[in-house]
Amino acid sequence: MTDAKKLFVKTYGCQMNVYDSDRMAEALGGAGYVTTELLDEADMVLLNTCHIREKASEKLYSDLGRLRALKAAKPGLKVGVAGCVAQAEGAEILRRSPVVDLVVGPQAYHRLPEMVKAGGRQVDTDFPVEDKFSSLPDRKVSRGPTAFLTVQEGCDKFCAFCVVPYTRGAEVSRPAARILDEARGLAAQGVREITLLGQNVNAYHGEGPHGVWGLARLLRALAEIDGLERLRYTTSHPNDMEDDLIAAHGDLPQLMPYLHLPVQSGSDRILKAMNRKHTAETYLRLIDRVRAARPDILLSSDFIAGFPGETDADFRATLDLIRTVGFGQAYSFKYSPRPGTPAAEKTPVAAEVADARLQELQALLTAQQRAVQDAMIGRDVTVLYEKPGRMPGQMIGKSDHLHAVHVGDPQGRIGQLVRVRVLASSSNSLAGGKLSENP
Ligand code: SAH
Ligand code: SF4
Ligand code: F3S
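Basis of the calculations
Residues numbered from 1 in each chain as written. Chains lettered and ligands numbered in written order. Predicted model: local features only at pLDDT ≥ 70, side-chain atom pairs only at ≥ 80, totals over all residues. Heavy atoms only, no water. Helix = DSSP H or I, 4+ residues; strand = E, 2+ residues; numbered from the N terminus. Rg over C-alpha atoms; globule rule 2.2 N^0.38 Å. Buried < 20%, exposed > 50% of the residue type's maximum accessible area, 1.4 Å probe, protein only. Contact = heavy atoms within 4.5 Å. Areas by Shrake-Rupley, 256 points an atom, 1.4 Å probe, with all protein chains shown as cover. Lys, Arg positive; Asp, Glu negative; His and termini not counted. Charge placed at Lys NZ, Arg CZ, Asp CG, Glu CD. Core = buried A, V, L, I, M, F, W, Y, C linked by side-chain atoms within 4.5 Å. Domains from an automatic or database assignment. Salt bridge = Lys/Arg side-chain N within 4 Å of Asp/Glu carboxyl O. Near = heavy atom within 4 Å. Nonpolar A, V, L, I, M, F, W, Y, C, P; charged D, E, K, R; others polar. Pairing = 2+ DSSP bridges. Axes fitted to C-alpha atoms, helices over the stretch in contact; angles between N-to-C directions. Expected span 1.5 Å × (residues − 1).

**Student:** Please explain the overall build of the chain as it appears in this structure.
**Tutor:** Along the chain, the regular secondary structure elements total 14 helices and 21 strands. Relative to a compact globule of 439 residues, whose C-alpha radius of gyration would be 22 Å, the chain shows 22 Å and is just as compact. Each principal axis of the C-alpha distribution contributes one length, and for the chain these read about 60 × 60 × 50 Å. Relative to its 439 residues, the chain shows a buried fraction of 54%. Considering only contacts within the chain whose residues lie at least 6 apart along the sequence, 70% involve residues at least 24 apart. Just so you have it, the chain exposes about 19,300 Å², and 53% of that area is on carbon and sulfur atoms. Counting 54 positive and 54 negative side-chain charges, the chain places the averaged centre of each group 3 Å from the other.

**Student:** Any chance you could explain the nonpolar core here in plain terms?
**Tutor:** Grouped burial of nonpolar side chains is what soluble globular proteins tend to show. By size, the foremost hydrophobic cluster in this structure holds 62 residues, and its most contacted members are Leu196, Leu218 and Tyr233. Residue assignment places this core across two domains, with domain 1 (5-124) and domain 2 (141-374) each supplying three or more. With near-sequence residues (within four places) excluded, Leu218 lies in contact with Val151, Ala176, Ile179, Leu196, Tyr204 and Trp213. In this structure, Leu60, Val79, Val85 and Ala86 belong to the second largest nonpolar core, which totals 22 residues.

**Student:** What is the right way to look at the pattern of salt bridges in this model?
**Tutor:** The full count for this structure, using the stated rule, is 38 salt bridges. Glu92 is paired through a salt bridge with Arg95; the nearest N and O atoms lie 3.3 Å apart. Taken together, the positions of Glu92 and Arg95, both in helix α4 (residues 91-96) and three residues apart, correspond to about one turn of that helix. Judged by relative accessible area, which is 62%, Arg95 ranks as exposed. Glu386 is paired through a salt bridge with Lys398; the nearest N and O atoms lie 3.7 Å apart. Placement of the pair is Glu386 in strand β17 (residues 380-388) and Lys398 in strand β18 (residues 394-399), with a sequence separation of twelve residues. Looking at Glu386, the relative accessible area reads 24%, which means it is partly exposed. Overall, the relative accessible area of 26% leaves Lys398 in the partly exposed class. Several salt bridges converge on common partners, so that one network encompasses Glu310, Asp312, Arg316, Arg357 and Glu360.

**Student:** How should the site of ligand 3 be read in this particular structure?
**Tutor:** The local shell around ligand 3 consists of Cys14, Asn17, Thr49, Cys50, His51, Ile52, Cys84, Arg168 and Gln199. Partitioning the shell around ligand 3 into residue classes produces four nonpolar, four polar and one charged.

**Student:** Please clarify how the site of ligand 2 should be interpreted in this entry.
**Tutor:** Near ligand 2 you find Cys155, Lys157, Phe158, Cys159, Phe161, Cys162, Val164, Pro165, Asn200, His237 and Arg276, and these make up its full shell. Partitioned by chemical class, the residues of the shell around ligand 2 number seven nonpolar, two polar and two charged.

**Student:** So what exactly am I meant to see when it comes to the sheet that holds β17 here?
**Tutor:** Backbone hydrogen bonds are what pair the strands of a sheet, in a parallel or an antiparallel way. Around the barrel, which closes on itself, the five strands sit in the order β17-β18-β19-β21-β20 with mixed pairing between neighbours. When strand polarity is set aside, the average angle formed by the axes of neighbouring strands in this sheet is 50°. Two strands pair when backbone bridges link them, and strand β20 (residues 417-426) and strand β21 (residues 429-437) are joined in this way by eight bridges, in the antiparallel orientation. Paired with Arg421 across the strands is Gly433, a residue of β21. Lying over the sheet, helix α14 (residues 351-374) contacts β20 and β21, oriented at roughly 125° with respect to β20.

**Student:** It is not clear to me how helix α2 (residues 54-73) should be interpreted in this structure. Could you clarify?
**Tutor:** Side chains three or four residues apart in an α-helix point the same way, a direct result of the helix having 3.6 residues per turn. Over its 20 residues, α2 runs 31 Å from end to end, which matches the ideal 28 Å to within 8%, given 1.5 Å per residue. Within α2 the residues assigned to the buried category are Ala56, Ser57, Leu60, Tyr61, Asp63, Leu64, Leu67, Leu70 and Lys71. The secondary structure elements touched by the buried residues of α2 are β1 (5-11), β3 (44-49), β4 (78-82), α3 (83-89) and α4.

See below:
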């Protein structure tokens, strides 16, 4: 193995990119590459990029700038750009950056080993008809007791601000049998928690035995796999939250009490301009139904501040919605105009106004998150150990509600599920004492 070439992968953006990076590394394993954590020893560098906001895209070019020196010192170094910037900019990346050898879009990853073997500078941003995951070798490696598993990709919703329908293409669901095989393989390697991924994961409608399966049907089948104790899914769209999925939150013990359901805004006028096709009211009624099925569910969301045309009253409506729901976790962003999206044509909100709104939004969301966390003190939670903590004898894992929990447990092992009493809450995590093992 001493002559194996070394691959360094850097992943930007969402969890789907994390999953894709692993799959690309595995595929390149077949072409003689082993992964390395050390950039300096790499024979190939793969940047798996994100296009969602301007800042995310800019990171690619600053990293490519830094790679120039490395490539000058090591002329054989191959540099590949994958992900959503690759899809959006294609051959433009080769023109702008002479260090780049390969540009590969998210639907063409199964062709990557061939591209590497062929050599030279190449671009593949096709949307081939074959399913890339079915064309990649079966998944062999997992990195611990938790894993991501992509079940659906792409988006047909075309929110006015968003590049995903252009970079990932139309919605495609993987066949249920392939997903179940992959999940069984992961469970056999000791994976105890799987997070199903999709840009619109709850729009999943994959080919299954006896017809098309929705996400609820898929979750129920996954729950029967031995060793899989926890299931999660992300990201959902409010319009695809079907009754049977809500019901699954009430009666499927493996389905964790956590739901990330982006709302973006609390103003109907802005939601309409965003092409979201839901209102603040329909979102709130949906939250009521989810909470009726699973009263202790922790809710999470995404928000955009300063969408074109957003008035102060619109922004206040967003704050009102947040106060009504009470989120345990949230992501909020300043609107970023993206090339090719309809909203980018509109007059932007003044930067200082958008900045001030984002700050106010984040202050409220942080306070809510902290209140939900503090309310866990004195309660008993189940924790899946993921890694050792920084202190000797300490383990870190996630609770059912996805809170990071630090536990003093010198005998603790990665992959163990333990029962813990929460004793303290700090800005981004909880701390507790172990009560028992294998609850
Ligand atoms: N498919 C997911 C989200 C994908 S992007 C969904 O529909 O929920 C993740 C989040 O990034 C979005 O929910 C949105 O809040 C944010 N986002 C997307 N485009 C953006 C833009 N142009 N400016 C600012 N935030 C954006
Ligand atoms: Fe983007 Fe909207 Fe699709 Fe989410 S639903 S990926 S925000 S277009
Ligand atoms: Fe970014 Fe593409 Fe994911 S734009 S958020 S990497 S789908």
